[in-house]
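# Tertiary structure, described
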Amino acid sequence: MEFIKAIILGIIEGITEWLPISSTGHLILADEFIKLKQSTEFMNMFNVVIQLGAILAVVVIYFKKLNPFDASKTPRETQLTWQLWLKVIIACIPAVIIGLPLDNWLDANFHKFVPIALMLIIYGFAFIYVEKWAKTRPDTLTDLDRMSYRFAFYIGLIQVLSLMPGTSRSGVTILGAIILGASRFVATEFTFFLGIPVMFGASLLKTVKFMFSGVGFSFSQFAILMVASVTAFLVSIVVIKFLMDYIKKHDFTFFGKYRIVLGAILLVYAGISAMFG
């Protein structure tokens, strides 16, 4: 049963990591009904490291675009690839500087139903408003290669907001990039790439913290983590391709409405739990 639960959680992660609807919010809600019989310390690590499987899907799908050592690339293409990685690194700097000191405090105070529900609702309305506003002005950045280093840094500053559980890392960076003038396609693609070092770093941090928590890391826990991560990887491949096709014809308004509904459900559930818990 633990492995079946891990597969279900992997499916949820693979879907929600890339759609701007908060994977954390969905995993916490799922944990209420599909509880893994594991320690709190393990689950705190699990909910982050499982995202590594989803991130690896980006590496596989965009391997050629992200690989500066590809012999088939022209010198100019190789240069653009290195520049892309530099932009990604620059965009990660704010999260590293601000996120590392706040990690424990955010987990202790905001990894709960009500804060997550509020973030879902607030950014749900933000998506609806920004999409309506964006239609009134032309996109100023429609080619990822033309993104400036300053633009990348601004997106990195906006990404700091996603440290709050329930915000959605992909959601807030896409929203921020659109506000700054990027097309949906550029905003979404850069968000995918930005997730690679961010989630590798977050996964490493959570794993180290768990290893030094004194709880211990059993083989069965490792197996559960691997099953969930592989599942998230496979599902992510499908979802990423779906989303890139979806945004060619649609905006993000639907996801904003979905976030509001989910946030309301979480608030109701939190209220019922408080009354009868």
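Remember, it's a predicted structure, so these values are computed and weren't measured experimentally.

Here is what the cut-offs are and how they apply
- Residues numbered from 1 in each chain as written.
- Predicted model: local features only at pLDDT ≥ 70, side-chain atom pairs only at ≥ 80, totals over all residues.
- Heavy atoms only, no water.
- 1 Å grid on protein atoms, 1.4 Å probe; cavity = no way out; pocket = protein on both sides within 12 Å on 5 of 7 lines; lining within 4 Å.
- Points joined across faces, edges and corners; volume = space filled by probe spheres on them.
- Nonpolar A, V, L, I, M, F, W, Y, C, P; charged D, E, K, R; others polar.
- Patch = residues over 30% accessible without salt bridge, like charges linked within 9 Å, V, L, I, M, F, W, Y side chains within 5 Å.
- Areas by Shrake-Rupley, 256 points an atom, 1.4 Å probe, with all protein chains shown as cover.
- Salt bridge = Lys/Arg side-chain N within 4 Å of Asp/Glu carboxyl O.
- Helix = DSSP H or I, 4+ residues; strand = E, 2+ residues; numbered from the N terminus.
- Buried < 20%, exposed > 50% of the residue type's maximum accessible area, 1.4 Å probe, protein only.
- UniProt positions renumbered as here; feature names shortened; annotations may be inferred.

### Remarks on empty space enclosed by the protein
Empty space among the atoms becomes visible once a probe the size of a water molecule is rolled across them. Under the definition given, this model contains 1 cavity of 30 Å³ or more. Approximately 50 Å³ is the volume attributed to the largest cavity. Along the walls of the largest cavity sit Lys65, Leu80, Gln83, Leu84, Lys87, Leu144 and Asp145, which together make up its complete lining. Split into classes, the residues belonging to the lining of the largest cavity amount to 3 nonpolar, 1 polar and 3 charged.

### So, a nonpolar patch on the surface
A cluster of nonpolar side chains, contributed by Ile93, Val96, Ile97, Ile98, Leu100, Leu102, Trp105, Phe153, Tyr154, Leu157 and Leu180, occupies part of the molecular surface with about 940 Å² of accessible area. At the level of secondary structure, the elements contributing two or more residues to the nonpolar patch comprise α5 (75-110) and α7 (149-159). At 7 residues, α5 tops the list of elements feeding residues into the nonpolar patch. Note on Leu180: relative accessible area 31%, which makes it partly exposed.

### Thoughts on the UniProt feature "transmembrane region" (unreviewed entry) in the protein chain
In the numbering used here, UniProt assigns the "transmembrane region" (unreviewed entry) feature to residues 45-63, 84-101, 113-130, 151-168, 174-201, 222-244 and 256-276. Across residues 151-168, helical content stands at 50% and strand content at 0%; the span's end C-alpha atoms are separated by 20 Å. Taken as a whole, residues 256-276 contains 100% helix and 0% strand, while its terminal C-alpha atoms sit 30 Å from one another.

### A word on the pattern of salt bridges
Under the criterion given, the structure shown has 6 salt bridges. Put simply, Lys64 and Asp70 hold a salt bridge, and the shortest N to O gap is 3.1 Å. The salt bridge involving Asp139 is made with Arg137; its shortest N-O contact spans 3.0 Å. Note on Asp139: relative accessible area 39%, which makes it partly exposed.

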